[in-house]
Amino acid sequence: MLRSLLRTKSVEQSIAEADEPIYRLKRRLGARDLTVFGVGIIVGTGIFVLTGQQAARNAGPAVVLSFLLAGAVCALVALCYAEFASTLPVAGAAYTFSYATLGELIAWIIGWDLMLELGLAAGVVARGWSAYLHDLLNLPDSVAGDTARPDWAAIFIVVVLGVLALLGTKLSGRVTTVLVAVKVAVLLLVIALGTFLIKAANYTPFVPPAQPAEKQSGGSAPLLQVLLGVTPQHFGVFGILAAASIVFFAYIGFDVVATTAEETRNPQRDMPRGILASLVICGVLYMTVSFIITGMAHYTRLDTGAPLAHAFNEAGVPWVAKIVDVGALSGITTVILVLLLGQTRVLFAMSRDGLLPPALAAVHPRFRTPWLITLVTTVAVSVLAGLVPLSALAELVNIGTLFAFVVVCAGVIVLRRTRPDLHRAFRAPGVPWLPALAVLACLWLMVNLPVVTWLRFLIWMAIGSVIYLGYGRRHSHLGKSLRTARR
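All values reported here derive from a predicted model rather than from experimental measurement.

Criteria and cut-off values
Residues numbered from 1 in each chain as written. Predicted model: local features only at pLDDT ≥ 70, side-chain atom pairs only at ≥ 80, totals over all residues. Heavy atoms only, no water. Core = buried A, V, L, I, M, F, W, Y, C linked by side-chain atoms within 4.5 Å. Buried < 20%, exposed > 50% of the residue type's maximum accessible area, 1.4 Å probe, protein only. Contact = heavy atoms within 4.5 Å. Helix = DSSP H or I, 4+ residues; strand = E, 2+ residues; numbered from the N terminus. Patch = residues over 30% accessible without salt bridge, like charges linked within 9 Å, V, L, I, M, F, W, Y side chains within 5 Å. Areas by Shrake-Rupley, 256 points an atom, 1.4 Å probe, with all protein chains shown as cover. Salt bridge = Lys/Arg side-chain N within 4 Å of Asp/Glu carboxyl O. Disulfide = S-S within 2.5 Å. Phe/Tyr/Trp six-rings, centres within 6.5 Å; stacked < 30°, edge-to-face > 60°. Expected span 1.5 Å × (residues − 1). Axes fitted to C-alpha atoms, helices over the stretch in contact; angles between N-to-C directions. Parallel < 35°, antiparallel > 145°, perpendicular 65-115°, else oblique. Nonpolar A, V, L, I, M, F, W, Y, C, P; charged D, E, K, R; others polar.

Provide a residue-level description of the nonpolar core, including the pertinent values.
The biggest cluster of nonpolar side chains holds 146 residues, and the ones touching the most others in it are Tyr-81, Tyr-95, Phe-248 and Phe-254. With residues up to four places along the chain from it excluded, the contact list for Tyr-95 reads Ala-107, Trp-108, Ile-110, Gly-111, Leu-114, Val-346, Ala-349, Met-350, Asp-353 and Leu-355.

What follows is the structure, encoded as structure tokens:
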């Protein structure tokens, strides 16, 4: 039984199965498409909300440094993803990478984890889309916004984008390109106008003096505080680090780009370019915008749900606030779309391997997309977004993402040792030290998450383990082929 849990699927076998006609996806994406997808999912609510909130609560104008530190950690992880995605260009990303290095059980756990991360994130972001639409168009509270039950606007956007995902990645890429252009244009407008509205006095002090934060109790307390009794701090050096652990999640999304490797024309070349280029573009945008708005308004007045709009209101140009809302709406739309694409590709890979019912991996004869999984995912996410209050569960997205990062970075080290012969079109530098540093950084961020988030995550993982032992282990195509070979 232990051998069955640790059995690995070779890189060559994964690539060969991806080329089988019944499961073959159409390769239509290039480096530009992947970069657009990356920017599309990374630039979302983070830049429109976290910039001001973390300046006010933890870092002051030095939130720029927090974004720099968080971006550096993400860059370490992105290099590992780039190596894997170019070496093993198959749908599933972290799930597929784990299957080739750490064994079937870990692969299942990662797939189950990504199911939680991507599906829940799509639902949470769809609710945010509804809230922005409610404010922009003054829609009735019964149709959209935080109090709508059901939230018809959230259901609508998920269904529309689910249909778009079903029609093909190339069409999705074109729509994403237009929406990304809109939100990047809005951010460039913010930067261009805001540069002339900066008041140098707002940057003093750049790093506000440190002050102790109130200890949280119960399940809302960070795990690190519970284990070591550490007292958190606002501002100062530790405040910058605390803000970095939060704004880190504004960068999440580059990993989803890797799920489209099987639909990329030249993944060995284009995957690393798309992943790394999108991360660099977003890092520059984040740091520039945070520098601009902390110069436009004093950091103590930016603790709002719309800090960019608030900064322009204070500067006497309120008409920009509506434009910012349009940019936020465009940004969130692309996030939902790419999350749906990522979710369906992970489930497609798991179904093709037999860990989920193989019928779910059916590919549409015309569009060459996994239509049945896309349909199931769209229905599930629309129900979540429309009916379930998701705010309390949003941090599960963060811990799920970080867990996947840890496994992928560890997998790079393992595959370098077990398969040094593999051709790697892109090689992450500094292995094993760089992936090890990325693992430690991600674990640090995980222990700063609340205890209740850890408990919910462990319960989800326990449920997944039961499903794997009851269904996946017995129906695994790899397991069946090994049993047949032994006979």
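From this point, the narrative continues.
Can you tell me about unusual backbone geometry, naming the residues and giving the values?
Cis geometry is adopted by the peptide bond preceding Pro-205, which originates at Thr-204 and carries an omega value of -5°. Along the chain, Pro-205 turns up in the loop between helix H9 (169–195) and strand S1 (211–212). With an omega dihedral of 10°, the bond running from Val-431 to Pro-432 counts as a cis peptide bond. Of note, Pro-432 is situated in the loop between helix H17 (395–418) and helix H18 (433–447). One non-glycine residue with positive phi stands out, namely Asn-138, at about 55°. Within the fold, Asn-138 resides in the loop between helix H7 (104–137) and helix H8 (152–166).

Just give me the short version of a nonpolar patch on the surface, but keep the residues and values in it.
Where nonpolar side chains cluster on the molecular surface, the patch consists of Leu-65, Leu-68, Phe-206, Val-207 and Phe-291 and spans about 390 Å² of accessible area. Mapping Phe-206 onto the fold places it in the loop between H9 and S1.

Give a description of the state of the cysteines that names residues and reports values.
Joining two cysteines, a disulfide is a covalent bond between their sulfur atoms. The tally for this structure, following the rule as stated, stands at 0 disulfides. In this structure Cys-80 is not part of a disulfide, and its nearest cysteine sulfur, from Cys-409, lies 3.8 Å away.

How would you explain the packing of aromatic side chains if you had to name every residue and give the values?
This structure, assessed with the given rule, holds 14 aromatic pairs. Geometrically, the ring pair formed by Phe-67 and Tyr-251 is edge-to-face, given 6.4 Å between the ring centres and 65° between the ring planes. Placement of the pair is Phe-67 in helix H5 (residues 63–87) and Tyr-251 in the loop between helix H11 (236–247) and helix H12 (254–257), with a sequence separation of 184 residues. Tyr-251 carries the same exposure label as Phe-67, and that label is buried. Ring geometry for Tyr-81 against Phe-97: centres 6.2 Å apart, planes inclined by 70°, an arrangement best described as edge-to-face.

Now, about helix H3 (residues 31–42): what can you tell me, with residues and values included?
For H3, which comprises 12 residues, the first-to-last C-alpha distance of 16 Å matches the rise-based estimate of 16 Å (1.5 Å per residue) to within 8%. Among the residues making up H3, those that are buried are Asp-33, Leu-34, Thr-35, Val-36, Phe-37, Gly-38, Val-39, Gly-40, Ile-41 and Ile-42.

Go over the pattern of salt bridges, please, and point to the residues and values.
Note on pairing: side chains with opposite charge can pair once their charged atoms come close. Overall, the coordinates contain 7 salt bridges when judged by the stated rule. Measuring nitrogen to oxygen at the nearest pair gives 3.2 Å for the salt bridge that ties Arg-424 to Glu-83. Here the residue Arg-424 occupies a position in the loop between H17 and H18, and Glu-83 occupies one in helix H5, the gap between them amounting to 341 residues. With respect to class, Arg-424 is no different from Glu-83; both count as buried. Asp-421 is paired through a salt bridge with Arg-419; the nearest N and O atoms lie 3.0 Å apart. When salt bridges that share partners are traced, they join Glu-83, Arg-416 and Arg-424 into one network.

Describe the packing of H5 against helix H13 (residues 267–296), with residues and values.
Close contact between H5 and H13 brings their axes to 9 Å; oriented N to C, the two are set at 175°. What the angle tells us is that H5 and H13 run roughly antiparallel. In the contact of H5 with H13, the residues fall into 20 nonpolar, 5 polar and no charged.

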